[in-house]
Amino acid sequence: MSFDTTTNNGNEKEERKYYDRNKSDDLQISRTDMNMLIMNYLVTEGFKEAAIKFQQEAGLQEPALCSSLDERIMIREAVQTGRIPEAIAMVNALHPELLDNDRYLYFHLQQLQLLELIRAGRAEEALAFASATLAEAGANDPNALTELERSLALLAFPDPHSSPFADLLLPSHSQKIASELNAAILKMENQEYTNPKLCSLLRMILWSQSELDKHNIKYSKMTDLANATIEKPKHGRRL
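- Looking at an unreviewed UniProt entry, one finds the protein named CTLH domain-containing protein, with Arctia plantaginis as its source organism.

Given below as structure tokens:
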């Protein structure tokens, strides 16, 4: 007696992968893991008071606060409120070699100082500052030149906030530079993580979804990162 043991391996693999993907929809991140991600974000980004309060409310162990946390908080606040010379002075006091070694970061801080002059309507001072301080960086770095040109283009509009380059004047831009500086300080101090794990996770989600979209594959897509809105698959081929 013989038995037919041949199977359609391709279909089996296809069905198994689709089934495993469906099972993964039921996986849940534990509240403890989620709380730790939030705590890591608060500590890494320098939100000390929020980290301590969250630790108390979530019943977590006391967070391991970096030695420079207080200084990083003051530097971030100075950057986000437009007090750029003060922020640069604090960075130099904390790590004198940081901005000497990272000239592109230094350019970004000086660019923020230029944007503050433009925001205040001090066009002549802005041009003089750009010529004396930022021209060399623009000449040596194509990326810096592009950013400098975008910044100076704001002067061509009666209302810079209504120009195509108004994004440079938004709080989000200074926050981005503040986070860039914060990560550079952590790197100088040989911290294990210079960027929050939560941000890395979100970038991974966006990259993964982009790759799946390219191949028209069905999956439950996160359409709103802020609210973690998941949209069930409608069309496309199975994994």
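Describing the overall build of the protein
- The helix and strand tally for the protein stands at 11 helices and 2 strands.
- The helix and strand sequence of the protein, counted from the amino end, reads α-α-α-α-α-α-α-α-α-α-α-β-β.
- Residues counted as buried form 32% of the 239 residues belonging to the protein.
- A total of about 15,300 Å² of accessible surface is found on the protein, and carbon and sulfur atoms cover 52% of it.

What about the nonpolar core?
- Counting 31 residues, the largest nonpolar core has Val79, Leu98, Leu99, Leu109, Leu114, Leu115 and Leu181 as its most contacted members.
- What leucine 98 contacts, discounting residues up to four positions off in sequence, is Val91, Leu105, Leu181, Ala184, Ile185 and Met188.
- In terms of nonpolar packing, the next biggest core, distinct from the first, is built from 6 residues, Met39, Leu42, Phe54 and Leu60 among them.

Quick look at the packing of helix α7 (residues 103–119) against helix α9 (residues 142–153)
- As a packed pair, α7 and α9 sit with axes 10 Å apart at the nearest point and diverge in direction by 5°. Of the possible angle classes, the one that applies to α7 and α9 is roughly parallel. Contact with α7, carried on its side by Tyr104, Phe107, His108, Gln111, Leu114, Leu115 and Ile118, involves Asn143, Ala144, Glu147, Leu148, Ser151 and Leu152 of α9 and no other residues of that element.
- For the contact of α7 with α9, a count of residues per class yields 8 nonpolar, 4 polar and 1 charged.

Cut-offs applied
Residues numbered from 1 in each chain as written. Predicted model: local features only at pLDDT ≥ 70, side-chain atom pairs only at ≥ 80, totals over all residues. Heavy atoms only, no water. Helix = DSSP H or I, 4+ residues; strand = E, 2+ residues; numbered from the N terminus. Buried < 20%, exposed > 50% of the residue type's maximum accessible area, 1.4 Å probe, protein only. Areas by Shrake-Rupley, 256 points an atom, 1.4 Å probe, with all protein chains shown as cover. Core = buried A, V, L, I, M, F, W, Y, C linked by side-chain atoms within 4.5 Å. Contact = heavy atoms within 4.5 Å. Axes fitted to C-alpha atoms, helices over the stretch in contact; angles between N-to-C directions. Parallel < 35°, antiparallel > 145°, perpendicular 65-115°, else oblique. Nonpolar A, V, L, I, M, F, W, Y, C, P; charged D, E, K, R; others polar.

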